[in-house]
Amino acid sequence: MSTQYSVAGSVAIIRLDNPPVNGLGQSVRAGIVRDLSRALDTPDVEAIVLAGTDGVFSAGADIREFGTSNAGAEPSLHAVIEALEDSPKPVVAAIEGTCFGGGLELALATHHRVATAASRVGLPEVKLGLVPGAGGTQRLPRVLDVRTAAEMITGGAPRTARALAADPRQRLFDRVVEADAVAAAIEFAREVAGRGVRTRVRDLAVDPGGATVLGALRAQLTARSRGFAAPLLALDLVEKAIAALFDVGLAAEGAAFRELVGGVQSAALRHAFFAERAARRVPGLAPDTPIRDVRQVAVVGAGTMGVGIAMTFVDAGIPVTVLETSQEALDRGLATIRRNYQSQVDKGKLAAIVLEQRMALLTPSVDYAALADVDLVIEAVFEDMEVKRAVFTRLDAVTKPGAILATNTSTLDVDQIAALTGRPGDVLGMHFFSPANVMALLEIVRAGRTSDDVLATALAVAQRIGKTAVVSGVCDGFIGNRMLARYRRAAQLMLEAGATPERIDSAIEGFGYAMGPFRMADLAGGDIGWAVRKRRYAEDPDMPRDVLSDTLCEMGRFGQKTGAGWYDYEPGRRAAIPSPVVAEMLADFRRQWDIRSVEISDEEIVQRLVFALVDEGARILDEGIALRASDIDVVYLAGYGFPRHRGGPMFHADTVGLDRVEDAVRRFDVDGRGPAPLLARLAAEGGTFR
Ligand code: NAI
């Protein structure tokens, strides 16, 4: 039984009961139909309330049913909706907590809706590459102003009942209450039962003027979609709701849904969803691995990263001690944090009082003694082993036994850092991305001797601070930056061979990246990478030179911050303008090395970039640095702007076919190594990374 049926006087109450979120699985659907006919057959019942349980209405389709035969089993959601809508006795939905997707479509099939102000309603289907498939695109525009409905349907973000009810023309809610929507719905049901009121959403008219507001939304979505189909198809359906009869719109919605649900984009987005969940589980780590208590955190170094990391913890309500070498550096760091919060206040994203509460969670210090009681330290000092040695030696001496010592290093050997302490089991990497308070990704670097409970604790901490965590082994660059180096090198080689920065950027942006490698480099600033390269050239004289990037930096072209990089910029503007200086530099380079420039197609540009990621990903997987291919996808989706509707580099490679990927890698053979052995093996077997 996944519904509960009860009667209170003249009102029957049907409660969805399928924890944790009342997913609309087969047994719930069957339960609604069964309870509804029971109510209709009971002469004393004059109205029906449809409600959830434990303060949740329904989060929509039951994800556990995805891909099983139950998903399509009768009664379908359509059949349930038809039964509710055609009920001769009025049905009132009592909306509390979440009311998403199929849950909202169900509520739209009832005749009246009563909601708590804090409840959240939404149609998130586009986030899985779908459109709502049970009338949502046709009914929501009939009860909300067209623009709001279209934004919800094409963007997938939920809104609170409070926000939606602020529009006096809305017809989504008959009543919005502060608490206990079920009691309010029962009361409302008694009122309408007496008057026999029964309003079907499908019979309401859509504002015909609504079509005019959709033009601007279409332009926005077109500019942003980069090949992602669902939002624009969803918008077509909203236009249908305005222009066509209800049943015609409904049929179009069904056709669009069926097309999308079988397509590769939706499969990619479902993969992304499940991959993020899978990444939290580490094979071999017992489910009952103890988690250490983390109440008090310290961040050492208040530079670019330390500031963002401290904010991340404070945002989650966790107190942070910030340690620096001098009062000036400390003051500078704290001032940066305050300025960052102040800009959120100025934009209306944060209340001024919250700013002060967050600042109050910070304890600045220049004295290691302040770290005696902390549970977790994150080191974010200069990227220099000698500096790290000094810091970890002190940390080992002053922190209490059991305190976890994490390094944010991006290139140094975490095993070596762990060995600087007398407690290597308590040491691991927590590699945040810049800006740390904004970027979702966190690579958790498990060193050779990191103990299981330390790893489990880091994963739990990641969840508390809202990060998408992926476990990586120790290697140069870990998962993300190691692959990025191959991607950048592929871009570099295409420049040398004859492509322009603008051509390469536009090809990969056409694939779905928000920004190509050269626009990205200009945004990040070339000086940091240059400093790292110079240090590495000194350490390893045989290291291949990045001649073009070095030449660019020698000209002082560091990107947006200097008004010139791979592109030119007008003062104060961010629009990238193809640069004659860079064109000349490339021409010089090719003359000097006697390179006849070749034409590279957009398709090949994308292949060279993306397959470079895949090939390095295969090596990372083979070496056990990544636990599974889907973890690599999560890194690229959460940290590197890989288009989500492509599912990540490894998933994408699977959809292309590994034999084709391997063949291309072999043809490009950039460094004479040939394809990764794992890629070659899987290609030969007709296998996939999954
Ligand atoms: P930064 O140069 O902006 O900041 C380093 C801070 O550490 C400075 O404020 C400095 O005063 C302080 N510091 C130096 N020695 C110290 C000591 N002995 N005790 C206490 N504080 C000390 O450097 P950034 O960019 O924040 O990098 C820090 C770490 O994070 C490095 O290991 C870097 O590789 C890593 N990282 C950097 C990323 C980035 O995008 N900048 C991304 C991910 C990791």
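Here's what I pulled together on the structure shown here. Each chain carries its own residue numbering, running from 1 in the direction its sequence is written. Only residues with pLDDT of 70 or above have their local features reported here, since the model is predicted, and side-chain atom pairs are shown and tallied only from 80 upward, although totals for entire chains, interfaces and linings are computed over all residues. Calculation of side-chain values draws on the structure's entire complement of heavy atoms; hydrogens and water are dropped beforehand.

Things to note about the sheet that holds strand E12 (residues 362-365)
Part 1: Taken in spatial order, the eight strands make up an open sheet running E12-E11-E10-E13-E14-E15-E16-E17, and their pairing is mixed. Strands with a single pairing partner mark the edges of an open sheet, and in this sheet they are E12 and strand E17 (468-472). Strand-to-strand twist in this sheet, taken as the mean axis angle between neighbours without regard to direction, amounts to 25°.
Part 2: Against the sheet, helix H15 (residues 385-398) engages strand E10 (297-300), strand E13 (376-379) and strand E14 (404-407), with an angle of about 170° to E14.
Part 3: Strands in contact with helix H17 (residues 452-464) are E13, E14, strand E15 (427-432), strand E16 (441-445) and E17; relative to E16, the strand with the most contacts, it is inclined by about 175°. Pairing between two strands is assigned when DSSP locates at least 2 bridges connecting them. Helical segments are the DSSP runs of H or I of at least four residues, strand segments are the runs of E of at least two, and each set is numbered from the N terminus. Under this scheme, a helix contributes an axis fitted over its contacting stretch, all axes are lines through C-alpha atoms, and angles between N-to-C directions fall in the 0 to 180 degree range. For this analysis, residues touch if any pair of their heavy atoms sits within 4.5 Å.

Focus on unusual backbone geometry
Part 1: Of note, the amide linkage connecting Glu74 to Pro75 takes the cis form, showing an omega dihedral of -10°.
Part 2: On the secondary structure map, Pro75 appears in the loop between strand E3 (47-51) and helix H2 (77-85).
Part 3: Even without glycine at this site, Asp54 takes up a positive phi of about 50°.
Part 4: Within the fold, Asp54 resides in the loop between E3 and H2.
Part 5: Exposure classes here rest on a 1.4 Å probe applied to the protein chains alone. A residue is buried below 20% of its type maximum, exposed above 50%, and partly exposed in between. In this structure Asp54 comes out as exposed when scored by relative accessible area, which is 80%.
Part 6: With phi around 55°, Asp180 is a residue other than glycine that occupies positive phi space.
Part 7: Along the chain, Asp180 turns up in the loop between strand E9 (175-177) and helix H7 (181-195).

Here we look at helix H1 (residues 26-41)
Since there are 3.6 residues in each turn of an α-helix, residues three or four apart along the chain are aligned in direction.
Part 1: End to end, H1 covers 23 Å across 16 residues, agreeing with the expected 22 Å (1.5 Å per residue, within 8%).
Part 2: If you check which residues of H1 are buried, you get Val28, Arg29, Gly31, Ile32, Asp35, Leu36 and Ala39. On an axial view of H1, the arc spanned by its buried residues comes to 160°, and they lie on one face.
Part 3: Check the buried side of H1 and you find it contacts strand E1 (3-8), strand E2 (11-16), E3, H2 and helix H3 (102-109). Helix span is expected to be 1.5 Å times the residue number reduced by one. Throughout, the arc means the angular range of directions from the helix axis out to the C-beta atoms.

Some remarks on the site of the ligand
Part 1: Around the ligand, 22 residues are found, and the nearest of them are Met305, Glu324, Glu383, Lys388 and Ser410.
Part 2: For the purposes of these results, a polar contact is taken to be a pair of N or O atoms within 3.5 Å, where, inside protein, one atom must be able to donate a hydrogen and its partner to accept one; residues adjacent in sequence count only when each atom of the pair is a side-chain atom. Asn408 is positioned with one of its side-chain polar atoms (N or O) 2.9 Å from an oxygen atom of the ligand.
Part 3: At 2.8 Å from an oxygen atom of the ligand is found a side-chain nitrogen or oxygen belonging to Ser410.
Part 4: For the area figures, the Shrake-Rupley method with a 1.4 Å probe applies, and any residue is considered shielded solely by the protein chains shown. When isolated, the ligand has an accessible area of 830 Å², and the protein chains bury 78% of it.
Part 5: Per-element tally for the shell around the ligand: the top contributor is H15, with three residues. Note on definitions. A residue lies near a molecule or strand when any single heavy atom of the residue is within 4 Å of it.

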